[in-house]
Amino acid sequence: MIICTNKMEYPLRSQRQRAPKQVMVTSEKERVSLLLMKALVSRGSVDAVCQQMASHPQYLESFLRTQHYILHMDGPLPLPYRHYIGIMAAARHHCNYLVYLHTAQFLRVGGEPRWLQSLEAAPPRLRLLDQINKVLAHQPWLTSSSHIQSLLKSGEQCWSLAELVQAVVILAHCHSLCSFVFGSDTNSDFAPVVVKSPNGTPPTFCPFDAANGNTNVPQTLAAPPEHRTRRRSLDSSCDVVCLKERIQKSQEERERREERLLQTHADMDEEEDLIFLADASRFITDPDFCYQEFARREDDHFQVFRVQDYSWEDHGFSLINRLYSDIGHLLDDRFRRVTSLPSLHSPDLKRAIWNYIQCVLGIRYDDYDYGEVNRLLERDLKLYIKAVTCFPDVTKTPACPLSWTPLKPSERVHVNLLIMEARLQAELLYALRAITKYMIA
């Protein structure tokens, strides 16, 4: 029997004093339903990513908690900045699915529509992130202290260290999520559907309060966009029955989305047009910059990243937790959960997948025998993993490994989760090492 809270309860700053109400969840099916209801309340819809991850509810809970924190909770960056950074990250891999989702959220939290015209229309501070976004997305081993210095010492447009760390976490989160979207083939089925808040209520207001007759918007939600630096937790009074009805409606809506899109496209208002027409290429500079085969060279930029010299456990975790409170614990929980999920894959196989992913990104473990990778991973699976890790682009379709044929869908999702988390950790390690070098210098 599993005990879960009946709302998104995070053991973080503003919520530590709250005593969560508890409901008894007697099965994995009920746990999944509860997590999807939380996602529905948080975003007004249950997206395809959550539906894919629902086969692993232990991990989904950790993923949603982290994503909610970096995009909506306490942090130095205003909400519109966070989603625009998400757009920039997803655009590097031409992930229309995530570009659309962040575009919709960007507008709903008060983002300036003009910024969606192109990257050049965004504020100079956001444009400064383009270089580190490009490097982390395609060749993270090039990340250096000079990238950090250029952002922290750029005159009036300079970033604070706390702002930069949150931005880097969002970039890495979205880059790695592109790999999951690509691997699970979510992007190819993409068809945007605009979901508006009921009765004109803002997105930071519980979507079901209006249905319950409470249309009073809290004073804090009426503040100008630049002062909206976080999204508070949702009202616990949301009716569970109402949530289940909305989940059912959301699923029915998804089945009819193409038909509705064709019928309503002519009647879209200005906001809907902006979302629908959001083109990933508008937010990309230097489109020819892409993944290059990592190789050992004398150049410092291409030296192998040795985990024994800089690891997540001994270095990255403490630094990121100090500069961006609580995020280290949330990320660490994700890394631990994805590797400990119950699976048909043996622990040796999961470690081989994880280490191979980080190896193609230039990270190696001195205490690991990489001959195990060739012994445990079939060639077609290695090709698939490398494609999803390094080329999560809608223009490149990896062949489904033949060895996947007897696997359950949940086992395939598990492989894609391992790819996503191993890549996320790799990008964070490169960025945090560069920050450490800058601070020491």
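Everything discussed here concerns the structure shown above.
Parameters at a glance
Residues numbered from 1 in each chain as written. Predicted model: local features only at pLDDT ≥ 70, side-chain atom pairs only at ≥ 80, totals over all residues. Heavy atoms only, no water. Helix = DSSP H or I, 4+ residues; strand = E, 2+ residues; numbered from the N terminus. Buried < 20%, exposed > 50% of the residue type's maximum accessible area, 1.4 Å probe, protein only. Contact = heavy atoms within 4.5 Å. Areas by Shrake-Rupley, 256 points an atom, 1.4 Å probe, with all protein chains shown as cover. Salt bridge = Lys/Arg side-chain N within 4 Å of Asp/Glu carboxyl O. Phe/Tyr/Trp six-rings, centres within 6.5 Å; stacked < 30°, edge-to-face > 60°. Lys NZ or Arg CZ within 6 Å of the ring centre and 35° of its normal. Core = buried A, V, L, I, M, F, W, Y, C linked by side-chain atoms within 4.5 Å.

1. Here we look at the overall build of the protein chain
Thinking step 1. On a plain count of helices and strands, the protein chain comes out with 18 helices and four strands.
Thinking step 2. Taking all 441 residues of the protein chain together, the buried fraction comes to 56%.
Thinking step 3. Long-range contacts, defined as pairs at least 24 residues apart, comprise 75% of the intrachain contacts of the protein chain with a sequence gap of at least 6.
Thinking step 4. Per element, the accessible surface of the protein chain, about 19600 Å² overall, is 50% carbon and sulfur.

2. Some remarks on the pattern of salt bridges
Thinking step 1. Evaluation of the coordinates by the stated rule reveals 14 salt bridges.
Thinking step 2. When the shortest N-O distance is used, the salt bridge between Arg351 and Asp367 registers 3.9 Å. Taken together, the residues span a long stretch of sequence, with Arg351 in helix 15 (residues 347–360) and Asp367 in the loop between strand 4 (363–364) and helix 16 (371–376) at a distance of 16 residues.
Thinking step 3. Given a relative accessible area of 38%, Arg351 falls into the partly exposed group.
Thinking step 4. On the basis of relative accessibility, which here comes to 58%, the residue Asp367 falls in the exposed class.

3. As for unusual backbone geometry
Thinking step 1. One non-glycine residue, His94, adopts positive backbone phi at about 55°.
Thinking step 2. Secondary-structure assignment places His94 in the loop between helix 4 (79–91) and helix 5 (96–108).
Thinking step 3. Although it is not a glycine, Asp326 sits at a positive phi angle of roughly 80°.
Thinking step 4. Mapped onto the elements of the fold, Asp326 is located in the loop between helix 13 (312–323) and helix 14 (327–340).
Thinking step 5. On the accessibility criterion, Asp326 (8% relative accessible area) is buried.

4. Details of the packing of aromatic side chains
Thinking step 1. Inspection of every chain in the model, using the stated rule, returns 15 aromatic pairs.
Thinking step 2. Here the aromatic rings of Phe335 and Trp354 are separated by 6.3 Å at their centres, their planes lie at 80°, and the arrangement is edge-to-face. With Phe335 in helix 14 and Trp354 in helix 15, the pair connects residues that are 19 residues apart, well separated along the chain. Side by side, Phe335 and Trp354 carry an identical accessibility label, which is buried.
Thinking step 3. For the ring pair Tyr368 and Tyr370, a centre distance of 5.0 Å and an interplane angle of 90° mean the geometry is edge-to-face. Each member of the pair, Tyr368 as well as Tyr370, is classed as buried.
Thinking step 4. By the ring-pair criterion, three or more aromatic residues cluster together here, those being Tyr81, Tyr84, Phe106, Trp115 and Phe283.
Thinking step 5. Across the ring face of Trp159, the terminal group of Arg125 is positioned such that the distance to the ring centre comes to 4.7 Å.

5. Here's the deal with the nonpolar core
Thinking step 1. With 114 residues, the main nonpolar core has Met53, Tyr84, Leu129 and Leu428 as its most contacted residues.
Thinking step 2. Of all the elements, helix 18 (residues 409–440) adds the most residues to this core, at 16 residues.
Thinking step 3. Ignoring anything within four residues of it in the chain, the contact list for Tyr84 reads Phe106, Trp115, Leu116, Ser118, Leu119, Ala122, Leu126 and Phe283.

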